[in-house]
Amino acid sequence: MKTSENQLNEIFPKGDLASADYFTGKAWVKMLVPNDPILNTAVGNVVFEPGARNNWHTHPGGQILIVTHGTGYYQEVGKPIQLLQVGDVINIPPLLKHWHGASHNSEFTHIAISTNTQTGIVDWLEPVTDEQYNSFQ
């Protein structure tokens, strides 16, 4: 198996290309813990290319993001975009509409922990517009 130099610096493999139905730009998802019905938790590693982001969405049971590489953005509906860097941890309450992804100039990786999955994992909504994405100040 051929490994790129970039993958040598990663903790986990990139995984599968994420669906263009829910992401703008390229992102990869590697499920580390598929939905576990006993722990009611799913854990994935998500890698975004620069400029890539997911759609607006909610998590019925909430989510925790742990940033492991690069620089990214996180935005809750009605609030300004937050800059995310390695070591940042975001606690997302159940049903809070939000999005996250890479900044313009950096690949971005986070571990996504979906909690209370017995209530559902994710509800995908509309794409983040370029105007919304470019509103970071």
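Above: the structure in question.
Residues numbered from 1 in each chain as written. Predicted model: local features only at pLDDT ≥ 70, side-chain atom pairs only at ≥ 80, totals over all residues. Heavy atoms only, no water.

Enquirer: Tell me about the overall build of the protein chain, and name the residues and values.
Expert: The helix and strand tally for the protein chain stands at 2 helices and 12 strands. Written out in order from the N terminus, the α and β elements of the protein chain read α-β-β-β-β-β-β-β-β-β-β-β-β-α. In terms of overall size, the protein chain behaves like a compact globule, its C-alpha atoms giving a radius of gyration of 14 Å where 137 residues would be expected to give roughly 14 Å. Considering only C-alpha atoms, the protein chain reaches an extent of 40 × 40 × 30 Å along its principal axes. Looking at the protein chain residue by residue over its 137 residues, the buried ones come to 42%. In the protein chain, the share of contacts with a sequence separation of at least 24, taken over all contacts with a separation of at least 6, comes to 69%. (Helix = DSSP H or I, 4+ residues; strand = E, 2+ residues; numbered from the N terminus. Rg over C-alpha atoms; globule rule 2.2 N^0.38 Å. Buried < 20%, exposed > 50% of the residue type's maximum accessible area, 1.4 Å probe, protein only. Contact = heavy atoms within 4.5 Å.)

Enquirer: Summarise the packing of aromatic side chains; cite the residues concerned and give the values.
Expert: Aromatic ring pairs are defined here through the distance separating the ring centres and the angle between the ring planes. Using the criterion set out here, one finds 7 aromatic pairs in the structure. With a centroid separation of 5.7 Å and an interplanar angle of 55°, the aromatic rings of F23 and W124 are classed as tilted. Residue F23 is found in strand β2 (residues 23–24), and its partner W124 is found in strand β12 (residues 123–124); the two are separated by 101 residues along the sequence. Taking relative accessible area as the criterion, F23 reaches 10% and is therefore assigned buried. Through successive ring pairs, a cluster of aromatic residues spans Y22, F23, F48, F108 and W124. A cation over a ring is seen here: R53 above Y133, with NZ or CZ 4.4 Å from the ring centre. (Phe/Tyr/Trp six-rings, centres within 6.5 Å; stacked < 30°, edge-to-face > 60°. Lys NZ or Arg CZ within 6 Å of the ring centre and 35° of its normal.)

Enquirer: Which residues make up the pairing of strand β4 (residues 41–48), and what values do they have?
Expert: Burial runs high along β4: 8 of the 8 residues are buried. Alternating positions in β4 separate into two faces, T41, V43, N45 and V47 on one and A42, G44, V46 and F48 on the other, with burial throughout. Relative to β4, strand β3 (residues 27–36) runs antiparallel, the two being bridged by 7 bridges. From the neighbouring strand, V33 faces β4, where its bridge partner is V43. Following β3, the chain reverses through 4 residues before pairing antiparallel with β4; N40 in that reversal takes a positive phi of roughly 55°. Pairing analysis gives 8 bridges linking β4 to strand β11 (residues 108–115), with the strands arranged antiparallel. Bridging across to β11, F48 finds its partner in F108. (Pairing = 2+ DSSP bridges.)

Enquirer: How would you sum up the environment of I11? Please name residues and give values.
Expert: For I11, the location among the structural elements is in the loop between α1 (5–8) and β1 (16–17). Accessibility expressed as a relative area gives 62% for I11, which makes it exposed. Taking the C-alpha atoms as reference points, I11 and E76, 65 residues apart in sequence, are found 28 Å from one another.

Enquirer: Help me get a handle on the pattern of salt bridges, residues and values and all.
Expert: Evaluation of the coordinates by the stated rule reveals 4 salt bridges. Taking the shortest distance from any N to any O, the salt bridge between D130 and R53 comes out at 2.7 Å. Of this pair, D130 sits in helix α2 (residues 130–133) while R53 sits in strand β5 (residues 53–54), and the two are 77 residues apart along the sequence. (Salt bridge = Lys/Arg side-chain N within 4 Å of Asp/Glu carboxyl O.)

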